[in-house]
Amino acid sequence: MLAVLAAETKSLWDPTILGVLTVLSGVVLFCGSTYLLLATNVGARLGFQIAAAAFTGIMVLLSSLWLVTQTPLNSPKGRVPLWKPVACPKVTPTCARVDSLAAAPINALAKLANDPKAKSIPAENFQQLRPAIDAAFITVTVVGDAKAPVQPYAKYQQSAQVLTVAPVDLNGVPNKNGRETLKEYIIGGDAPFLVKHNPKYAAVEYCEKLPQPSDTFYPSGVDPNIKPTTPGCDPKVPHKWMVFVYDYGSIRLPPLMYFLTFSTLFGVSLYALHSREMAERRAAKAANLVTA
């Protein structure tokens, strides 16, 4: 009862000490009970060796499953692959946002500005970088006492305020090849000899959405008596570019470390059992020779 009452207040007890006690209790109850049964039958030392070999063997099987599957369970996972703004020095924390593609901090992307043969990715594939745009530009709402994340590019409150695909051109015609066609480029990412991926970069052209007529009298901020403006980019705000780098992540790394670690311990446990058995055989053989 005391533990439940103490856990209601977020402190050093919860989740730090409470989490440690939970893990220790699980180890003592499951591993300890198995060792206790083995120790009463085959002895303390041999029981420990058998229990250790069984535990490490199970962990080898479990970690191998974590390594080759994408289970939704709470298995060890590393960083998930995602697009993120290129790293910037402290003196220019917003270097990934540039006024033109020629000013991109990645030379390979900057060269595309003067390359007449450069082709943007198809418009139907534009949305693959949209989550990265939202994560960089939309201000995160902090709940409670949570620490606000560092967002040097955040300046919008809603995702709809930023356009990466202009819905119409300047004449209101559904956009295909209109003057407001926004572009995206993706370069790199090849894997020579299937050993290591080369860096993968993307440049996204974006604009601010043309604001709707507003009236402070209406809670929604939009006057229903005024015809809404044609959706598209705000002509008063120039287009800009955002440069991203693809983080391949390390989602398979923790399971691999578990697999290698427990495979080594499993091998050591089996070798210890084998050495013990061979020593007992030699002792028994020597005892038979003496009695003979």
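These remarks concern the structure in this document. (Residues numbered from 1 in each chain as written. Predicted model: local features only at pLDDT ≥ 70, side-chain atom pairs only at ≥ 80, totals over all residues. Heavy atoms only, no water.)

**Digging into the overall build of the protein**
This is how the line gets drawn: Each helix is a run of H or I in the DSSP string that is no shorter than four residues. Each strand is a run of E no shorter than two, and both are numbered from the N terminus. Burial classification: accessible surface area is computed with a 1.4 Å probe over protein chains only, and a residue below 20% of its type maximum counts as buried, one above 50% as exposed, and the rest as partly exposed. In what follows, a contact means two residues having at least one pair of non-hydrogen atoms within 4.5 Å. Residue exposure ignores everything except the shown protein chains as possible cover, and the areas themselves are Shrake-Rupley values with a 1.4 Å probe.
Counting its regular elements, the protein contains six helices and six strands. Along the protein, helices (α) and strands (β) appear in the sequence α-α-α-β-β-α-α-β-β-β-β-α when read from the amino end. Scored against the burial criterion, the 292 residues of the protein give a buried share of 25%. For the protein, restricting intrachain contacts to residue pairs at least 6 apart in sequence, the fraction spanning at least 24 positions comes to 63%. Total accessible area computed for the protein in this model is approximately 20000 Å², and 64% of it derives from carbon and sulfur atoms.

**So, the packing of aromatic side chains**
What counts here: Stacked, edge-to-face and tilted are the three classes for Phe, Tyr and Trp ring pairs, Trp counted by its six-membered ring, which pair at centre distances within 6.5 Å; planes under 30 degrees apart are stacked, over 60 edge-to-face, the rest tilted.
Counting across every chain of the model gives nine aromatic pairs. Consider the rings of Phe55 and Phe262, whose centres lie 6.0 Å apart with planes at 85°: the pair is edge-to-face. Placement of Phe55 in helix α3 (residues 44-68) and of Phe262 in helix α6 (residues 253-291) is noted, with a sequence separation of 207 residues between them. Judged by relative accessible area, Phe262 falls into the buried class, the value being 13%. An angle of 50° between the planes, with centres 4.7 Å apart, marks the rings of Phe137 and Tyr206 as tilted. Here Phe137, found in helix α5 (residues 130-137), pairs with Tyr206, found in strand β5 (residues 200-208); they are 69 residues apart in sequence, far enough to count as distant.

**Structural notes on the packing of α3 against α6**
Quick reminder of the rule: Only C-alpha atoms enter the line fits that serve as axes; for helices the fit covers just the stretch in contact. Angles between N-to-C directions range over 0 to 180 degrees. Working definition: roughly parallel below 35 degrees, roughly antiparallel above 145 degrees, roughly perpendicular at 65 to 115 degrees, and oblique for all remaining angles. Should the near helix be turned counterclockwise from the far one by less than a right angle, the crossing is left-handed, whereas a clockwise turn marks it as right-handed. Basically, the charged four are Asp, Glu, Lys and Arg, the nonpolar ten are Ala, Val, Leu, Ile, Met, Phe, Trp, Tyr, Cys and Pro, and anything else, Gly included, counts as polar.
Relative to each other, α3 and α6 sit at 150°, their axes nearing to 8 Å. Judged on the interaxial angle alone, α6 and α3 are roughly antiparallel. Relative to α6, α3 is oriented so that their crossing is left-handed. Across the contact of α3 with α6, the residue classes break down as 18 nonpolar, seven polar and two charged.

**Quick notes on the packing of helix α2 (residues 16-42) against α3**
Two elements in contact, α2 and α3, have axes separated by 7 Å at closest approach and are oriented at 140°. Put simply, α2 runs oblique to α3. Considering how the two elements wind past one another, α2 and α3 form a crossing that is right-handed. Residue-level contacts link Cys31, Tyr35, Leu38, Ala39 and Val42 of α2 to Ala44, Leu46, Gly47, Phe48, Ile50, Ala51 and Phe55 of α3. In terms of residue class, the contact of α2 with α3 is built from eleven nonpolar, one polar and no charged.

So yeah, pure geometry; function would need other evidence.
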